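# Survey of secondary and tertiary structure
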Amino acid sequence: MKKIIIFILIVCVLLAAVQVFLFWELKEPTNESTFTELSITDEAVQELYEKANPSEDYDTMQDVYARGNFSNQFILGTAIVSILRNNPQDTVSESDVNVAIKQIFGTITYAHESGYIVSDEVCGFQYDKNAHLYTILKGCQKNGDSKLLRKITSARKSDTEYIITEKLITSETIYDELNQTYTITVYDDIGKSHQIETLTYMEGEEVPVVEIEDYIDQASTYEYHFVFDGETFIYKAIEKVS
């Protein structure tokens, strides 16, 4: 009788061990990705960051940071700037814009239309739906009152995603004609809702230089997400972290 009990116990232990083994073998893999830290000067990091930043103009970029997604005008403008950086020209075909959008944003919904985007290459684009052609507009005056100051601080990648971390501050210069003084206000956010510092100088005096490095600990933090779509890494989203 004792041998039978021992045999039953051994069988139970073996069955339990098999169940544990099957549980771990058949358990669904986790969705967590393993990320590797990259140098911020890494060629791929620089290319992706440039692809996501068609402009240094505050008014052009403000909406993207505030919304966290891409307007139709930003999608078109980003694609057109990308084309012009590699091949300056006065007109851009609709088909070339389609190709550039696919390379930058992947499969995304958009519509062809006229718009503006202030950069070194262009300040606006006029769409001719009959000719399926964009005429490039140049010579727009950039807004000098508000400026973006940004810097990549880190980057990492997995098999399916790049994440680039950026620090950002905003500066705004206001001229007081009565007192003939300029005031530079430094903010830690794109919405200019939280002031870090105020600098004042008079006409003829040396202009204070505002550097992002001087405010790096107070600056807003954003993450750019680039996701592999089966062909390339596409610009998926920008997210405010802090």
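Here, the structure is the one placed above.
Residues numbered from 1 in each chain as written. Predicted model: local features only at pLDDT ≥ 70, side-chain atom pairs only at ≥ 80, totals over all residues. Heavy atoms only, no water.

## With respect to unusual backbone geometry
The test is simple: Only DSSP runs of H or I covering at least 4 residues are called helices, and only runs of E covering at least 2 are called strands; the numbering of each starts at the N terminus. Each residue is placed in one exposure class: buried if its accessible area under a 1.4 Å probe, protein chains only, is under 20% of its type's maximum, exposed if it is over 50%, and partly exposed if it falls in between.
Phi is positive for histidine 132, close to 55 degrees, though the residue is something other than glycine. Positionally, histidine 132 belongs in the loop between strand S3 (124–128) and strand S4 (133–137). Histidine 132 gets classed as partly exposed once you look at its relative accessible area, which sits at 42%. One non-glycine residue, glutamine 180, lies in the positive phi region at around 55 degrees. If you trace the backbone, glutamine 180 turns up in the loop between strand S6 (161–176) and strand S7 (181–187).

## Brief notes about helix H3 (residues 58–67)
Here is the rule we go by: When we speak of the arc, we mean the arc of directions from the helix axis to the C-beta atoms. Residue contacts follow a heavy-atom distance rule, with two residues in contact if any of their heavy atoms lie within 4.5 Å. We call two N or O atoms a polar contact when they sit within 3.5 Å, provided that within protein one can donate a hydrogen and the other can accept it, with sequence-adjacent residues counted only if both atoms are side-chain atoms.
Regarding H3, the residues found buried are Tyr58, Thr60, Met61, Val64 and Tyr65. Considered in projection along H3, the buried side chains sweep an arc of 150 degrees and stay on one side of the axis. Check the buried side of H3 and you find it contacts helix H2 (43–52), helix H4 (72–86), strand S5 (146–157), S6, strand S9 (220–228) and strand S10 (233–240). The opening residue of H3 is aspartate 57, an N-cap whose side-chain oxygen sits 3.3 Å from the backbone nitrogen of aspartate 59. Glycine 68 occupies a position one or two residues after H3 and carries a positive phi of about 80 degrees.

## So, the environment of lysine 151
Positionally, lysine 151 belongs in strand S5. Classification of lysine 151 as partly exposed rests on a relative accessible area of 31%. Residues lysine 151 and isoleucine 212, 61 residues apart in the sequence, show an inter-C-alpha distance of 7.2 Å. Beyond its immediate chain neighbours, meaning those up to four positions away, lysine 151 contacts Thr165, Glu166, Lys167, Ile212, Glu213 and Ile216.

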